[in-house]
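# Results of the structural survey
Take a look at the letters that make up each chain.
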Amino acid sequence: MTTALSNTLLKAESLESWCSRSGASYIPLSRSKTETLYLHPLLLVADKYKGLMIKRPAMFAGQVFDVAMIPPEGAVISRDFRLIGDGLIFQEGTPPISLGGLPRGFDPTGADLFSVLECAERVTRECVFFGGFANFGHFMFQAVLRLAVLNWLPELKRLPIAVYDNLPNTYYEFLDLLGYPAERRIPIPMTGPTRFSAAWMVSLPMYRASDGMAAIWPEAIWALRENLGHLLRPTPGPRSRIFIAREGVAWRRLVNKPEILARLERHGITPVALEKLSAIDQIRTIATAEINVSVLGAASGIMVFAAPDCAMIEMAPPHTVGTFGTVGYSAIVGQRYHRIEGRSVTAEETAAAGLPPNPTTVHINADFAVDVTALDAALDAALQRVGGA
């Protein structure tokens, strides 16, 4: 077998094509990939607007047999050396497809491919691949929203799901709420490939298409909200106004946070550490607030549960888009969205704020400061939205 694999290269193939060749089941749910859904305005500093184009993705599910699943995103390597990833991973059509550090080609002895295809971890029970991510935002839009698609696939909704075994405990609480307690979950490692005898792959409702546009399937967002609708009901009394505090983070920090907190406090906006709350309390906290203030980042994944009539204020470093969080959800659900674009700061400013050095140079993770005048303008607009001072 080693000789037969010599110099083999993986060839990319769509799930639909592979299922057709292999006699496996394939279910198309939506074939539209070109229709523009929204031109969503982002409110920026000095009342300047720019548009965000969102289109509908093709949605589908397909069955695979005797394949290796590659963490973290769940690209598939088949026995006939095909790499199946488009529509299943975050960045469509960008070679090399994420393989968790594994090579696309193999050495002359074929050892690398052999080690992938003959990996010790094996799942023999039919299931739906779920996976998961340590990053909460990606966990929500690349994994949890995938479960919402099963509302259209009742025959798959009865199957167990394959879930990474090293996720934070709160993440499993979300799965409990969605009807997937531990006995309906098949634990798999994120540290290496897992062999599946038979699994169903469900396409992502939110991902970056090959043309660079955001692809979002609105039906999945509404289905997720419906599935947990009992937690989204309004509560008696005044609604809260919250700021999602990002405590202990290493990057994308507000260097003038004390000044920002003081401004928020004047308007009755209270910091909340969501990471210290249970899944139920996180959902209820977001769902019942009339103003949600946040910094662009992973925590914005919880905004999928925000009320349609609430006001959303998001602060971000310059030159970022951050589609797959508060921006994308507000475009679908219809909240009033306010983007405040800050300015990048120097290492000296970060140090002067009493913060340790930023360990990354990626521009979307830059530390930044927000002009309080821009914040005041966004708060005034938000208060007009909710009808209070």
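Residues numbered from 1 in each chain as written. Predicted model: local features only at pLDDT ≥ 70, side-chain atom pairs only at ≥ 80, totals over all residues. Heavy atoms only, no water.

Attention now goes to the overall build of the protein. Of regular secondary structure, the protein possesses 11 helices and 21 strands. Here the protein holds 389 residues, and the buried ones make up 54% of them. (Helix = DSSP H or I, 4+ residues; strand = E, 2+ residues; numbered from the N terminus. Buried < 20%, exposed > 50% of the residue type's maximum accessible area, 1.4 Å probe, protein only.)

With that settled, the discussion passes to the packing of helix α7 (residues 257-266) against helix α11 (residues 372-386). α11 packs onto α7 with a crossing angle of 25° between their chain directions and a minimal axis gap of 11 Å. The angle between α7 and α11 falls in the class roughly parallel. You can see that α7 and α11 cross each other, and the crossing is right-handed. Together, Glu 259, Ile 260, Arg 263 and Leu 264 of α7 and Val 372, Leu 375, Asp 376 and Leu 379 of α11 make up the contact between the two elements. Of the residues in the contact of α7 with α11, the class split is 5 nonpolar, no polar and 3 charged. (Axes fitted to C-alpha atoms, helices over the stretch in contact; angles between N-to-C directions. Parallel < 35°, antiparallel > 145°, perpendicular 65-115°, else oblique. Left-handed = near helix turned anticlockwise from the far one by under 90°. Contact = heavy atoms within 4.5 Å. Nonpolar A, V, L, I, M, F, W, Y, C, P; charged D, E, K, R; others polar.)

Summed over the entire model, instances satisfying the criterion amount to 12 aromatic pairs. Here the aromatic rings of Phe 90 and Phe 324 are separated by 5.2 Å at their centres, their planes lie at 85°, and the arrangement is edge-to-face. Here Phe 90, found in the loop between β7 (82-84) and α2 (111-117), pairs with Phe 324, found in helix α9 (residues 323-333); they are 234 residues apart in sequence, far enough to count as distant. Three or more aromatic residues joined by ring pairs make a cluster, and in this case those are Phe 130, Phe 136, Phe 139, Tyr 171 and Phe 174. (Phe/Tyr/Trp six-rings, centres within 6.5 Å; stacked < 30°, edge-to-face > 60°.)

This next bit is on the nonpolar core. The biggest cluster of nonpolar side chains holds 88 residues, and the ones touching the most others in it are Phe 139, Phe 196, Leu 224 and Phe 305. Broken down by element, this core gets its largest block of residues, 10 residues, from helix α3 (residues 136-149). If we skip the residues at most four places from it in the chain, Phe 139 touches Phe 130, Gly 132, Phe 133, Val 144, Leu 167, Tyr 171 and Phe 174. One finds Ala 311, Leu 375, Leu 379 and Leu 383 within the second-largest nonpolar core, a separate group that totals 21 residues. (Core = buried A, V, L, I, M, F, W, Y, C linked by side-chain atoms within 4.5 Å.)

Right, let's talk about the side chain of Glu 290 for a bit. With respect to the element layout, Glu 290 can be found in strand β17 (residues 289-295). Of the polar contacts made by the side chain of Glu 290, one reaches the side chain of Arg 241; its length is 2.7 Å. Leave out the neighbours within four places in its chain, and Glu 290 touches Arg 239, Ser 240, Arg 241, Cys 310, Ala 311 and Val 386. (Polar contact = N/O pair within 3.5 Å; in protein donor to acceptor, adjacent residues only side chain to side chain.)

Attention now goes to the pairing of strand β5 (residues 59-70). The two faces of a sheet get side chains in turn, since along a regular strand they alternate between them. Taking burial as the measure, the 12 residues of β5 include 10 buried ones, the bulk of the element. Both β5 and strand β12 (residues 194-202) contribute to a ladder of 8 bridges, which runs antiparallel. Bridging from a neighbouring strand, Gly 62 pairs with Met 201 of β12. By the bridge criterion, 3 bridges tie β5 to strand β6 (residues 75-77) in an arrangement that is antiparallel. Across the sheet, Ala 68 pairs through a bridge with Ile 77, a residue of β6. What sits between the antiparallel neighbours β5 and β6 is a turn of 4 residues, in which Gly 74 has the positive phi angle 95°. (Pairing = 2+ DSSP bridges.)

It is worth spelling out the packing of helix α5 (residues 169-177) against helix α8 (residues 279-287) at this point. Relative orientation of the contacting elements α5 and α8 amounts to 80°, with a least axis distance of 8 Å. Considering the angle they form, α5 stands roughly perpendicular to α8. Contacts between α5 and α8 pair Thr 170, Glu 173, Phe 174 and Leu 177 from the former with Ala 279, Ile 280, Gln 282 and Ile 283 from the latter. Split into classes, the residues belonging to the contact of α5 with α8 amount to 5 nonpolar, 2 polar and 1 charged.

As a further point, take α9. Think of an α-helix as 3.6 residues a turn; residues three or four steps apart then line up on the same face. Counting buried positions over the 11 residues of α9 gives 11, a clear majority of the element. Of all the residues in α9, the buried ones are Thr 323, Phe 324, Gly 325, Thr 326, Val 327, Gly 328, Tyr 329, Ser 330, Ala 331, Ile 332 and Val 333. Count one or two residues on from α9 and you reach Gly 334, which has phi positive near 100°.

On to the sheet that holds β17, then. By way of backbone hydrogen bonds, the strands of a sheet pair with one another, either parallel or antiparallel. Strand order in this open sheet of 5 strands is β16-β15-β17-β18-β19, and the pairing throughout is parallel. Unpaired on one side and paired on the other, β16 (270-272) and β19 (336-341) mark the two borders of the sheet. Put simply, the sheet's adjacent strands are angled 25° from each other on average, direction ignored. In terms of strand pairing, strand β15 (residues 240-244) meets β16 through 3 bridges, oriented parallel. Its bridge partner being in β16, Ile 244 is matched across the sheet by Val 272. Where α7 meets the sheet, its contacts fall on β15, β16, β17 and β18 (311-316), and the angle it forms with β15 comes to roughly 175°.

A low pLDDT score tells you not to read the predicted coordinates there in detail. Per-residue pLDDT for the protein averages 86, and the proportion of residues at 70 or more is 86%. Considering only residues more than four positions removed or in separate chains, one finds that residues 1-7, a stretch of pLDDT under 50, has 13 contacts. The model gives residues 43-49 a pLDDT under 50, and that stretch makes 17 contacts with residues more than four places away or in other chains. (pLDDT = per-residue confidence, 0-100.)

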